[in-house]
Amino acid sequence: MKRMRKPLSPTVVEVAFAKPYRVAASRDVWVVCLAGTAWLTRDGSLADLILSPGDVAWVPRVDDALVTAMPRCRLGIAEQRGQLAELNATTTVVMSAEV
């Protein structure tokens, strides 16, 4: 019998200056910058990414990604890329966290 995975709910995260946020998911996720500027560093990758509003990055579950705000940013995180569009309309912060 095959077990069905429950999809992850799309999440909005506020990242403040000098308080990095670690994206450590048990499955692949998509990250979109909704506001501000985000510096995304992935374990095992030689290239960092600078995300501006509207920029999207894919983070495989095997990579831990660290996001640093420059100076602040709002991120959307979702399991499916198609879910990112609905996050643009989100005004309530679901989660605020730091490493």
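Residues numbered from 1 in each chain as written. Predicted model: local features only at pLDDT ≥ 70, side-chain atom pairs only at ≥ 80, totals over all residues. Heavy atoms only, no water.

## With respect to the nonpolar core
To be explicit about the condition: Take the buried residues of types Ala, Val, Leu, Ile, Met, Phe, Trp, Tyr and Cys, join any two whose side-chain atoms come within 4.5 Å, and each joined set is a nonpolar core. The buried label goes to any residue with under 20% of its type's maximum accessible area, the exposed label to any with over 50%, and the partly exposed label to all in between, with areas taken from a 1.4 Å probe on protein chains only. Secondary structure is summarised from DSSP: a helix means a run of H or I of at least four residues, a strand means a run of E of at least two, and numbering begins at the N terminus for each. Working rule for contacts: check all heavy atoms of both residues, and any pair within 4.5 Å makes them a contact.
Core analysis: the largest hydrophobic core is formed by 18 residues, its most contacted members being Val-15, Val-23, Val-31, Val-67, Cys-73, Leu-75 and Ile-77. Put simply, the parts of the chain that give this core at least two residues each are strand S1 (11-15), strand S2 (21-23), strand S3 (29-42), strand S5 (56-59) and strand S6 (65-78). Per-element accounting of this core gives the leading share, six residues, to S6. If near-sequence neighbours (up to four positions away) are discounted, Val-23 is found in contact with Val-29, Asp-63, Asp-64, Ala-65, Val-67 and Ile-77. Val-32, Ala-78, Leu-84 and Leu-87 belong to the second-largest nonpolar core, a separate cluster that totals six residues.

## Remarks on the pairing of S3
For the record, the criterion: Pairing between strands is defined by DSSP: at least two bridges between them are needed.
Pairing geometry for S3 and S5, over four bridges, is antiparallel. Counted as the bridge partner of Trp-30 is Trp-58 from S5. Pairing of S3 with S6, which is carried by 11 bridges, proceeds in the antiparallel orientation. Across the sheet, Arg-42 pairs through a bridge with Ala-65, a residue of S6. Examined bridge by bridge, S3 and strand S4 (residues 49-51) share three bridges and lie antiparallel to one another. Following the sheet pairing, Ala-38 is matched in S4 by Leu-51. Here S3 folds back onto S4 in antiparallel fashion, the turn holding six residues, of which Gly-44 has a positive phi close to 85°.

## Digging into the side chain of Arg-27
For clarity, the threshold we go by: Here a polar contact is recorded for every N or O atom pair within 3.5 Å, except that within protein the pair must consist of a potential hydrogen donor and a potential acceptor, and residues adjacent in sequence are included only if both atoms are side-chain atoms.
Take Arg-27: it is sitting in the loop between S2 and S3. Separated by 3.3 Å, the side chains of Arg-27 and Glu-79 make a polar contact.

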